[in-house]
Amino acid sequence: MSQSSHTDGIGSRFSVADRNRLSKVAALALCLQIVGLALIYYHRYPLSFPATGILQAQGYWALVVVSVFTTTAFAYFTNAPLWSFASALLFYVMLYSNNLLFYSIPSGDTSGEIVDLTLLSRFTTLSAARAEGFGYLSYPLNHIFALLLNRVYDIGGIIPTMDLGYAIYTLTLVIAVWLFAFRLGDSFSAYIASVAYLILAKPVLNNQFVPQFLALISLFFLFNVVEKRGLQWRAVELALFVALVFSHPVFPVLYPLALLFRPVVSSLIRSYATDESFSTAADVFRHPLVLARRTLSLETWTSHGSSTYVRAVVFFSIYFVQNPPRSVVDLVSSPGEAAGSPIVSLLSPFLPISTESAPSGGGPEEALLYDLVPRSLDLFVNQGSKFVLLALFGLLSVSFLLSHIGDPLDEHRTGVLDYQVEIIFACFVFFLYSTMISSMYGTRVLQVAFLPTAVFFVGAVKFKRVFVVLIVVLALCSPVLTANFYVNNALTAGGDSIGYHETQAGELVGDQYPRHDVVVPPHTPYPVGPMNQSRQMDIRYFVFNSEARVPDSGPVIYSTRLTEYLRYLGYDCQLSTANRSVVYDNGAEVIWRPDGGSMLECLRATENEPQ
């Protein structure tokens, strides 16, 4: 696709002067919207549970929807790489603005990272054998980066360090996705393709300051350099792969797997281009036996790309040095009972949570807090989210698979190779494995399986005007995904989200009461206790772990979210701070519990009641 295709297609109706004027108008509107977002952040941050007030903030939602339209218009009228990337970045910020307004990203992995990094910052040496829950120490790149940020900038705390690290990861992810999409040939197409991936990845992206997010970024950058020639690019490729290997135990497999497909894809396409009996791509698929025979032919696999095979072997060797074969076998054969198959839970973030299932450790039934969020709103955002995701994925898939099916085969045309078919094959194999074998990563494997969607838009070249309009319409509907996250957070009483007040209170307990026999409910990411026993203290640990030793006394963090979370779990325990000695109060009270554990007794009693 040439750089002129944009103006020759859907943009031909505008003169250069008109485009300049309209781009200035869009730029001014974007500046005003950024100011509006800053004001909302100033007045709303941090959101406190149940955070339902943001759902009624009509100005906030109007800003998000209008910003989607404005960023699209700006990328379209400027048609410049820098502004295309800036538009994609702002779209990302708007779509993921819930991450900005909460104190920390709503997820449990962030809590584990805070525990790990806090302990690593306190001690000069720490091994996985000396403390539980340090499996990621085997993949230390994320920890090393965080500790460097903390020490170089003297930030003075792990959570601010993670905030800065997350901002850096966010920027680099958008850079990597945009560069990957820029292979389409023009800036506006790169913006559209980037937006398509970010929408599809929203429910499955491990969007936190965690090793898996870093691994995804490294993988995108690797696919950006896979075609580059020259010794300097091979050095960059090697450095990126080593970084990937030290970031995650599974994602590195995808890159050498894609390299193994490159020679056969290239050879297969060339064989059809020089065969006069096949005039179009459709002819190829009308003869599946011929296609299968050529694909399985030894000549197809060996006639091209010996150097590519060498690269794949080198990368697999590096991977297995870091990951012994026995550990890899254990990893890929993990049943992953909690995560389940991603094909079953593809839309799980948007499906209503069953009220018939009990918590993971047994006990009362979970009950969604529909008194906080109306059922009608929950139904609307669930169905809206499913529609946006399925419609967008279907549109991109059809555009890629069918738009060029009737094009003539020509040995001088290498357009299909530019689509990176081998990446699609590798992602498909990766997804197939995760579908057939219940993966321990659950839906998170889909953030890799969706990676090729950034190039699917290439197939829409013939009908670009129609496809652009449809994708923009779906993008304008995409804020329903953000609304769904707010609704789910309220329905589950915060779930794994990290509250500002609870975290500050947990930090106080960790600093002032460094003992292993303290209780710190509700969920707080701050580690409590000595190095070999420190953990994030969560009331769920005592509720769901029948072997947990319940201390006789110790500080308790009390907040509204604690009582609501217990109600969501089905526990009818009336907690209050009456007649308690309040040690600290900034919205979450640290109280001393001298009564021998009546709260835990209530939890145990409720848990043991017949259902």
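Criteria and cut-off values
Residues numbered from 1 in each chain as written. Predicted model: local features only at pLDDT ≥ 70, side-chain atom pairs only at ≥ 80, totals over all residues. Heavy atoms only, no water. Helix = DSSP H or I, 4+ residues; strand = E, 2+ residues; numbered from the N terminus. Buried < 20%, exposed > 50% of the residue type's maximum accessible area, 1.4 Å probe, protein only. Contact = heavy atoms within 4.5 Å. Axes fitted to C-alpha atoms, helices over the stretch in contact; angles between N-to-C directions. Parallel < 35°, antiparallel > 145°, perpendicular 65-115°, else oblique. Left-handed = near helix turned anticlockwise from the far one by under 90°. Nonpolar A, V, L, I, M, F, W, Y, C, P; charged D, E, K, R; others polar. Salt bridge = Lys/Arg side-chain N within 4 Å of Asp/Glu carboxyl O. Phe/Tyr/Trp six-rings, centres within 6.5 Å; stacked < 30°, edge-to-face > 60°. Lys NZ or Arg CZ within 6 Å of the ring centre and 35° of its normal. pLDDT = per-residue confidence, 0-100.

Summing up its helical and strand segments, the protein chain has 28 helices and 5 strands in all. Residues counted as buried form 52% of the 611 residues belonging to the protein chain. Put simply, of all contacts in the protein chain between residues at least 6 apart along the chain, 78% involve residues at least 24 apart.

Our focus in this paragraph is the packing of helix α2 (residues 16–44) against helix α3 (residues 58–78). Interaxial distance between α2 and α3 falls to 9 Å at its minimum, and their mutual angle equals 150°. Classified by the interaxial angle, the pair formed by α2 and α3 is roughly antiparallel. Crossing angle aside, the handedness with which α2 passes α3 is left-handed. Across the interface between the two elements, Arg19, Leu22, Ser23, Ala26, Ala27, Ala29, Leu30, Gln33, Gly36, Leu37 and Ile40 from α2 touch Tyr60, Leu63, Val66, Ser67, Thr70, Thr71, Ala73, Phe74, Tyr76, Phe77 and Thr78 from α3. When grouped by side-chain class, the residues that make up the contact of α2 with α3 number 14 nonpolar, 7 polar and 1 charged.

Looking now at the pattern of salt bridges. This structure, assessed with the given rule, holds 4 salt bridges. Here Glu237 and Arg234 are joined by a salt bridge, their closest N and O atoms 2.8 Å apart. Of the two residues, Glu237 and Arg234 both sit in helix α11 (residues 231–245), 3 residues apart, roughly one turn of that helix. Each of the salt bridges in this network shares a partner with another, and the network as a whole consists of Arg234, Glu237 and Arg311.

Time to look at the packing of aromatic side chains. Here the structure, examined in full by the defined rule, presents 25 aromatic pairs. Pairing Tyr76 with Phe188 gives two aromatic rings, centres 5.2 Å apart and planes at 70°, and the pair type is edge-to-face. Of the two residues, Tyr76 is situated in helix α3 and Phe188 in helix α9 (residues 187–201); the sequence distance between them amounts to 112 residues. The class for Tyr76 is buried, based on a relative accessible area of 10%. On the accessibility criterion, Phe188 (2% relative accessible area) is buried. Measuring from centroid to centroid gives 6.4 Å for Phe316 and Phe320, while their planes differ by 25°, and the two rings are stacked. With Phe316 and Phe320 both in helix α16 (residues 306–322) and 4 residues apart, this pair spans about one turn of that helix. Connected via pairs of aromatic rings, a cluster forms that spans Phe145, Tyr166, Tyr169, Phe209 and Phe213. The ring of Phe485 carries the charged tip of Lys202 above its face, separated from the ring centre by 4.6 Å. When the ring centre of Trp233 is taken as reference, the NZ or CZ atom of Lys228 above it lies at 5.5 Å.

Of all 10 residues that make up helix α27 (residues 560–569), 7 are buried, and the element is covered over most of its length. Among all positions of α27, only Arg561, Leu562, Glu564, Tyr565, Leu566, Tyr568 and Leu569 are buried. Immediately downstream of α27, the backbone of Gly570 shows phi near 95°, a positive value.

Right, let's get into the confidence of the model for the protein chain. Model confidence for the protein chain is summarised by a mean pLDDT of 75, while 67% of its residues fall at 70 or above. Within the protein chain, no element has a lower average pLDDT than helix α1 (residues 5–8), which sits at 42, and none a higher one than α11, at 94. Note on residues 128–133: pLDDT under 50 across the span, and 7 contacts to partners over four residues away in sequence or across chains. In the model, residues 349–361 has pLDDT below 50 throughout and makes 33 contacts with residues more than four positions away in sequence or in other chains.

A cis geometry characterises the amide bond from Tyr45 onward to Pro46, with omega recorded as -10°. Looking at the element boundaries, Pro46 is found in the loop between α2 and α3. The backbone of Asn79 sits at a positive phi, close to 50°, despite the residue not being glycine. Its relative accessible area of 17% is what places Asn79 among the buried residues.

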